Amino acid sequence: MLHVGLVGPGSIADRRLAPALAQVRGAVLWSVCSRDRERAQAFAGRHGARGPIFTDLADMLADPRLDAVVLATPDRLHAAQAIAAAAAGKHVFVEKPMATDVADAEAVVRACAAAGVRLAVGYHLRFHPGLRALRERIVAGELGRVLHMRATWTFIERDANNWRASPEVGRWWSLAAVGTHCLDLVRWYLRPGHGEIERAHALTASPVHHGPHDETAAVALRFAGGATADILTSVIFRAPRSIEVFGDAGSARGEEVLGPHGGGRIVVGDRELSYEPADPYLGELQDFVDAVAHGRAPEVDAVEGLANVRGLCEMTSA
Ligand SMILES: NC(=O)c1ccc[n+]([C@@H]2O[C@H](COP(=O)([O-])OP(=O)(O)OC[C@H]3O[C@@H](n4cnc5c(N)ncnc54)[C@H](OP(=O)(O)O)[C@@H]3O)[C@@H](O)[C@H]2O)c1
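Here is what the cut-offs are and how they apply
Residues numbered from 1 in each chain as written. Predicted model: local features only at pLDDT ≥ 70, side-chain atom pairs only at ≥ 80, totals over all residues. Heavy atoms only, no water. Near = heavy atom within 4 Å. Polar contact = N/O pair within 3.5 Å; in protein donor to acceptor, adjacent residues only side chain to side chain. Domains from an automatic or database assignment. Pairing = 2+ DSSP bridges. Helix = DSSP H or I, 4+ residues; strand = E, 2+ residues; numbered from the N terminus. Buried < 20%, exposed > 50% of the residue type's maximum accessible area, 1.4 Å probe, protein only. Arc of directions from axis to C-beta. Contact = heavy atoms within 4.5 Å. Axes fitted to C-alpha atoms, helices over the stretch in contact; angles between N-to-C directions. Left-handed = near helix turned anticlockwise from the far one by under 90°. Nonpolar A, V, L, I, M, F, W, Y, C, P; charged D, E, K, R; others polar. Buried area = accessible area lost by both parts, 1.4 Å probe. Salt bridge = Lys/Arg side-chain N within 4 Å of Asp/Glu carboxyl O.

Observations regarding the site of the ligand
In step 1: Surrounding the ligand, one finds 23 residues, the nearest of these being Ser11, Ser34, Arg39, Asp75 and Tyr281.
In step 2: Contact between the ligand and Glu95: a nitrogen atom at 3.2 Å from a side-chain N or O atom of the residue.
In step 3: Between an oxygen atom of the ligand and a side-chain N or O atom of Trp163, the distance comes to 2.8 Å.
In step 4: Shared between two domains, the shell around the ligand takes at least three residues from each, and those domains are domain 1 (2-124 + 283-299) and domain 2 (129-277).

Quick look at the sheet that holds strand S2 (residues 27-33)
In step 1: Pairing in this open sheet of 6 strands is parallel, and the strands run S3-S2-S1-S4-S5-S6 from one edge to the other. With one partner strand each, in any of the chains shown, strand S3 (53-54) and strand S6 (119-121) form the two edges of the open sheet.
In step 2: Direction of pairing for strand S5 (residues 91-94) relative to S6: parallel, over a ladder of 3 bridges. Within S6, the position partnered with Phe93 by the bridge is Ala120.

Here's the deal with helix H2 (residues 37-47)
In step 1: Listed as buried for H2 are Ala40, Phe43, Ala44 and His47. The buried residues of H2 occupy one face: seen down the axis, they fall within an arc of 100 degrees. Exposed positions of H2 whose direction lies more than 90 degrees from the buried face are Glu38 and Gly45.
In step 2: The inward-facing, buried residues of H2 contact strand S1 (2-7), helix H1 (11-21), S2 and S3.
In step 3: Between a side-chain oxygen at the N-terminus of H2 and the backbone nitrogen of Glu38 the separation is 3.1 Å; the capping residue is Asp36.
In step 4: Phi turns positive, to about 70 degrees, at Gly48, one or two residues after H2.

Describing the sheet that holds strand S9 (residues 216-223)
In step 1: Taking strand neighbours across the sheet as the criterion, the 8 strands line up as S8-S9-S10-S7-S11-S12-S13-S14 in an open arrangement whose pairing is mixed. Sheet topology places strand S8 (197-205) and strand S14 (271-272) at the edges, where each strand pairs with a single neighbour.
In step 2: Sheet topology note: the strand S12 (residues 250-255)/strand S13 (residues 265-268) ladder contains 4 bridges and is antiparallel. Bridge pairing links Ala252 to Val268 in S13.
In step 3: The sheet strands contacting helix H6 (residues 129-139) are strand S7 (146-154), strand S11 (242-247), S12 and S13, and the helix crosses S13 at an angle near 15 degrees.

Focus: the packing of helix H7 (residues 174-194) against helix H9 (residues 302-315)
When two helices pack together, their arrangement is given by the angle between their axes and by how far apart the axes lie.
In step 1: For the pair H7 and H9, the least separation of the axes is 10 Å and the interaxial angle reads 115 degrees. Along this stretch, H7 crosses H9, giving a crossing that reads as right-handed. On the side of H7, the interface is formed by Leu175, Thr180, Leu183, Asp184, Arg187 and Arg191, while H9 contributes Glu304, Ala307, Asn308, Gly311, Leu312 and Met315.
In step 2: Residues that form the contact of H7 with H9 fall into these classes: 5 nonpolar, 3 polar and 4 charged.

Quick look at the domain arrangement of the chain
In step 1: As assigned here, the chain comprises domain 1 (2-124 + 283-299) and domain 2 (129-277).
In step 2: Between domain 1 and domain 2, the C-alpha centre-to-centre distance is 26 Å.
In step 3: Every contact between the two is made by 14 residues of domain 1 and, on the other side, 16 residues of domain 2.
In step 4: Interface of domain 1 and domain 2: buried area, both sides summed, is about 1,300 Å²; carbon and sulfur atoms make up 54% of it.
In step 5: Between Glu299 and Arg132 there is a salt bridge, and its shortest N-O distance comes to 3.1 Å.
In step 6: Taken together, the connections running from domain 1 to domain 2 amount to 10 residue pairs in polar contact (both at pLDDT 80 or more).
In step 7: Split by residue class, the side of domain 1 that touches domain 2 holds 5 nonpolar, 3 polar and 6 charged.

See the structure below:
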């Protein structure tokens, strides 16, 4: 049994990660770390943590019964926490994005390699059964040569005091909340035919809260093999969430597939793709636990996490 410690008992930990972890084979929620002891205690009680609670990460990592950590903290904290966990010999599941600059992301890759620990990044859409089935068809050539992909994911965030809007613990807003997922999805779909991203640019705007971070981002990407992609993200308006994939022999469309639920409608050509919706958070955590148990890389490892951070940095660098 892998003993897992949870750091950052906030929204995603409470609503998705801890309930999913409770269903994962081969792991248990062991300890909880929060800046606030009562919050840690309440979370541990709600989710049946079997071990101690902590208000300090170093103390949590010193626990010899702890095998792995789930980092569900604000983005700018991820790299240092992942490096500390790796140095203590603990495997790491870190929420996306893995870091907020390339140097930090590279340091995470090095730290995990040096310590011989596994690291997975929380791109849960890779475990959406419909998106997996669609990717298999695309890689098998059903759309011919894929030439363009589009992803739109927006929502309304009314709280401008959200940490994502603060440069101290966040770097991007819409791009870190949902754009990083779209970027991962586009890379996952297009890399087999087109290699890595060679140009990335995001036009960003902050017309509502007027803070330092993107409220809306219109992203344009080009891959080495010539495929292009566009991504639209926002925290200030609602648009239908969708993906579209265009090849020279056909196209596919997914409606309401971008979200936490692992469902939505996917049409390939004029035929609906049939699949059984499943909890993608359970999928990503099961993959992490299995990777540790079998000594293999998780599906989204630290190198994939680094590539995503590189893309986010490049698209917002100019
Ligand atoms: N994959 C997904 O679908 C998904 C969805 C949402 C979020 N996420 C990712 O999950 C991570 C957490 O996001 P969230 O929405 O759960 O945020 P959240 O609700 O604000 O939770 C973050 C937790 O981190 C802890 N924390 C430690 N230092 C903090 C600081 N300086 N400021 C604020 N919180 C601090 C807080 O817990 P204590 O105060 O108890 O220490 C807080 O509850 C982010 O990296 C985000 O990108 C992923």
